[in-house]
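One letter stands for each residue in the lines below.
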Amino acid sequence: MSQPADEPPCITVEGLRKVYRVHKRAAGFRNSIRSLFYRPMTEVEAVKGVDFSIQSGEIVGFLGPNGAGKTTTLKMLTGLMYPSSGKIQVLGYTPQKRDHDFLRRITLVMGQKQQLIWDLSAADAFALNKVIYDIPDAEYKSNLGVVTDMLGIGDVLNKPQRTLSLGERMKCELAAAMLHSPKVLFLDEPTIGMDINVQQNVRQFIADYRTEFNATVLLTSHYMADVTALADRILVIDGGEIVFEGRSDALVSRFSAAKRLKLQFGSAVDPVRLESYGEVKALKGLTAELDVERDAISVISSKLLNELPVVDIAIEEMPFEDVLAQLFDRSGDIR
Amino acid sequence: MIRSTRLIRQFFANGLQIEMEYRGEFLISALNSLLAFVSGFVVLYAVFHNVSELGGWAFEEGLILFGVFLIIEGYIAMFLQPNLSRLSEYIRLGTMDFILLKPISSQFFVSFRFINIWAFPSIVLGSGLVIYGMWALDVLSPLGMARFLLLLCPALMIVYAVWCILNTTAFWWTQVENINLIFRTFFEAGRFPVTAYPRWLQVVLTAVVPVAFMTTFPAQAAFSQIGVSTSVISWIVGIFALFVSHAFWRYALSKYASASS
Amino acid sequence: MIRNSGFRKFMALLAFYSTEFSNYRAEFVIYLLGGSQPIIMLFIWVTLNNSGQLSGDYTSTHFVCYFLLIYAVRNCNAMWFPWAMDEEIRQGDLSFKLLRPVNPYWNYLAYQLADNVIRIPLMLPVLIGGFYVTSAYTELSPTHLPLALLSLLFGISIHFYSNFLMGTVSFWLERTRALEMMYYSMLILLGGAIVPLELFPDGLRQIVMFTPFPYLLGFPVDVAMGRLGGAELVRGFAMQAVWVLLIGLTGRALWRAGTKGYSGAGA
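Residues numbered from 1 in each chain as written. Chains lettered and ligands numbered in written order. Predicted model: local features only at pLDDT ≥ 70, side-chain atom pairs only at ≥ 80, totals over all residues.

1. Section: the overall build of chain B
Move 1: Each helix and strand in chain B was counted, giving 12 helices and 0 strands.
Move 2: Judged by the C-alpha coordinates and their principal axes, chain B covers about 60 × 40 × 35 Å.
Move 3: Here chain B, with 261 residues, has 49% of them falling under the buried criterion.
Move 4: At a minimum sequence separation of 6, the contacts of chain B that also span at least 24 residues come to 80%. (Helix = DSSP H or I, 4+ residues; strand = E, 2+ residues; numbered from the N terminus. Buried ≥ 20, exposed ≤ 12 C-beta atoms within 10 Å, placed from the backbone. Contact = placed C-beta atoms within 7 Å.)

2. Digging into helix H7 (residues 196-213) of chain A
Residues spaced three or four apart along an α-helix face the same direction, because each turn holds 3.6 residues.
Residue and element names in this part refer to chain A.
Move 1: End to end, H7 covers 26 Å across 18 residues, agreeing with the expected 26 Å (1.5 Å per residue, within 8%).
Move 2: What H7 keeps buried is the set Gln-199, Val-202, Phe-205, Ile-206 and Tyr-209. Looking straight down H7, one finds that the buried residues subtend no more than 125° of arc, so they occupy a single side. Those residues of H7 that are exposed and aimed more than 90 degrees away from the buried face are Ile-196, Asn-197, Thr-211 and Glu-212.
Move 3: Buried residues belonging to H7 abut helix H5 (137-151), helix H6 (166-178), strand S7 (216-221) and helix H8 (224-230).
Move 4: Asn-214 sits one or two residues past H7 and shows a positive phi near 50°. (Expected span 1.5 Å × (residues − 1). Arc of directions from axis to C-beta.)

3. Let's talk about the sheet that holds strand S3 (residues 59-63) of chain A
All names here are of chain A.
Move 1: Taken in spatial order, the 6 strands make up an open sheet running S5-S6-S7-S3-S8-S9, and their pairing is mixed. The open sheet has two edge strands, strand S5 (106-110) and strand S9 (241-247), and neither has a second partner. Strand-to-strand twist across the sheet, computed as the mean angle between neighbouring axes with direction ignored, equals 15°.
Move 2: The pairing of strand S6 (residues 184-188) with S7 spans 5 bridges and is parallel. Among the inter-strand pairings, Leu-187 is bridged to a residue of S7, identified as Leu-219. (Pairing = 2+ DSSP bridges. Axes fitted to C-alpha atoms, helices over the stretch in contact; angles between N-to-C directions.)

4. Topic: the nonpolar core
Move 1: Among the nonpolar cores identified, the biggest contains 214 residues, and B:Ile64, B:Ile158 and B:Val159 are the most heavily contacted of them.
Move 2: Sorting elements by how many residues they give to this core places helix H3 (residues 59-84) of chain B first, with 16 residues.
Move 3: Each residue touching B:Ile64, except ones within four places of it in the same chain, is listed here: B:Leu129, B:Val130, B:Gly133, B:Met134, B:Ala219, B:Ala222 and B:Phe223.
Move 4: Judged by nonpolar contacts, the second largest core, of 8 residues, contains A:Leu261, A:Leu263, A:Ala288 and A:Val292. (Core = buried A, V, L, I, M, F, W, Y, C linked by C-beta atoms within 7 Å.)

5. Considering the packing of H3(B) against helix H11 (residues 211-223) of chain B
All names here are of chain B.
Move 1: It is at 9 Å that the axes of H3 and H11 come closest, and there the two elements cross at 130°. The orientation of H3 relative to H11 falls into the category oblique. For the element pair H3 and H11, the recorded crossing hand is right-handed. Residues Glu-61, Ile-64, Leu-65, Val-68, Phe-69 and Ile-72 of H3 form the contact with H11, whose own contacting residues are Met-214, Thr-215, Thr-216, Pro-218, Ala-219, Ala-222 and Phe-223. (Parallel < 35°, antiparallel > 145°, perpendicular 65-115°, else oblique. Left-handed = near helix turned anticlockwise from the far one by under 90°.)

6. Examining the sheet that holds strand S11 (residues 279-284) of chain A
Residues and elements named next belong to chain A.
Move 1: Taking strand neighbours across the sheet as the criterion, the 4 strands line up as S11-S12-S10-S13 in an open arrangement whose pairing is antiparallel. At either end of the open sheet lies a strand with only one pairing partner, and these are S11 and strand S13 (310-317). The sheet shows a mean angle of 20° between the axes of neighbouring strands, taken without regard to direction.
Move 2: In this sheet, strand S12 (residues 287-293) lies alongside S11 in antiparallel orientation, the contact comprising 5 bridges. In the sheet register, Lys-284 faces S12, and the bridge partner there is Thr-287.

7. Side note on the interface of chain B and chain C
Move 1: Facing 34 residues of chain B, the contacting portion of chain C comprises 33 residues.
Move 2: Elements with a minimum of two residues in the side of chain B that touches chain C: helix H2 (23-50) and helix H9 (179-188) of chain B.
Move 3: At 16 residues, the largest contribution of residues to the side of chain B that touches chain C is made by H2(B).
Move 4: Class assignment of the residues belonging to the side of chain B that touches chain C gives a composition of 21 nonpolar, 11 polar and 2 charged. (Nonpolar A, V, L, I, M, F, W, Y, C, P; charged D, E, K, R; others polar.)

8. Examining the packing of H5(A) against H6(A)
Residue and element names in this part refer to chain A.
Move 1: Viewed as axis vectors pointing N to C, H5 and H6 meet at an angle of 155°, and their least axial separation amounts to 10 Å. Considering their axes alone, H5 and H6 lie roughly antiparallel with respect to each other. As for how H5 packs across H6, the hand of that crossing is right-handed. Two secondary-structure elements touch here, H5 through Asn-143, Val-147, Thr-148 and Leu-151 and H6 through Lys-171, Leu-174, Ala-175 and Met-178.
Move 2: Considering only residue class, the contact of H5 with H6 consists of 5 nonpolar, 2 polar and 1 charged.

Below, the structure written as structure tokens:
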């Protein structure tokens, strides 16, 4: 899906840095009175010199734990935040300048942050966007049809936002964000807090949109699943630096090879015995966490349920922190 | 420009739609306007019960002033209160980011997005008072109305600019919904003609907190020949105020973009 | 035992909110400026008095004292917790408060008192300075001051309950801001903060005295200035008591009705 290599990239970032000044204050009444008069500031380097480029038509996943600098970088790419130093070019514009032509070509969607008005319906919001973005009638009609179908929001278009469920609201948000046929989509945790069905729906929509409009998508998440479904390429950011850059299938197959089982026992279990089922990550009292190969999950699970006094079992993705930890261990032979 | 008018039309339409969801609000707003009218009238009457003129103004002239006061109250309730005081909420919840990414002036969008149509009774009552006062003083004429409107415009500009500047501080101080109380405090002084105050306070109310431009001058224009210089100065102050509010807004945005997390 | 733990909980709430308020440095500027409207009114009346138009033998000091006192009372009386109540009810957060072993009612009181704890020390220097510089303290009646304090407390109670009542209306009406604004403007106008009640035309004054507003502002001030005789004092306090009961009971009833049917709608 990417452009040939001799085309200029859609997004380029060079030496991007962001430093904030935060004031520190200890808790308690006395300290808060003191802070009326004296507030020491410390500097926090959120993004420490980042370089990357994205070709048009790519979907790039931007992964990292909380506080890694994902959202900060995203905000700098959209021009919402000024970098402390470094260069950014998106579609040939400098985002910081907030050129109206630039703004017409991009869109930002943030999970759990809604911009649609509580009391108005999606249809009203769309009508407003049509005026704001100067969308010609024909384009508006066709886009409206396309996004409504893709997201399946036909019957909720005319109901006030406050009467809709979270999933429906987020879908309306997405629709509203796409009406002006943006070329670059910045999606910050778009599926957070949604249930599985809606998540899949949204992922499919993003993939289809990219194909239909040849859009470039930068997607941040701390769910591996968002990435496996969508991204061509992944950038992993941790502690303000890019620690991994490469194709997503490589990352996924290598590091999602295992799943984590969380077990609750009815009576104490011999730790040595537990080790025969998989890699024991934690064992405390009557709870345990076990890493098991993805392919062997069902076999191992039934064995556990039959042979050990298991009261409760949960099968989860490997926590992202552990994936990252592994990454550092094996950083030599990823690419 | 054309787009701005289309946007305002859209905001009105949205405002109507939102308010339709709260039909009870109309009754309350109407009641509110009526009570403000009655209580304000009672107070004015009480003052003139004790004195024959206030700062050189007669009762009917005082009525016109009160009418202007009500018009501006209505204007604030309709356009300013529902919008600019939301700024700290936008910043807190992150909605401001969405607004900044739209290809329109963020100041315009934030200032006029919500229109509280139910607040118009005050404007109607105020206008009624102005017309009545003018009629009682025998100065009701198209020319008089034109003079009045000529000085009402800068008043509206200045009120907007002051509200905007006060609320823009939300970019630094996160919870300043109450800053509009400061405005209210000084604006209340506009119930009475600026000449009723001691000289030094008159200067403050003209040069520091331009309350005189908000109520006294437009009212004066309605019943007397207001000087050309006053009119010109009012307009200059009005336009200057708008410039300052815009400059301050842009400054605030640049700080927001440099510092926020 | 129960009283003790209730009291400790209350103090904890008070301390918590005080800490929260002291975070907002900008608020202090607002507090100082926002309450100063009576001071502005003061100047009108002094000017009017000096122009010789007022009938009756008033001295400027009389007006200065009156408005300084209004300023003091007004600052003790500033409350905006109905806004917080409205938010909580609408957004469904009230469910949390209802689950905690503290009546939300005390929560709001603590929230409001904490605000006053911060605000009153800021106001006192202005007040005392004003009184001293203008010699307005001569208009005060020292013998009446304890009674004045009592009437102030009654006034604050009426004000608190009124605000609470308005807050409970949020259970049924979607937005109560207009209600609050209505209340506020009537309070200023009819409470004697712009025109001293003594200067109202007699007929109008009779009518105004049937509303609760004079008892929140003008009445405590009149008591402090020793302007009221025995019968008037008794009647005034009686009215205050009536209003406290009336508004307080209505508020409590509405609260009970509201929490019963509360569905926690919202996010």
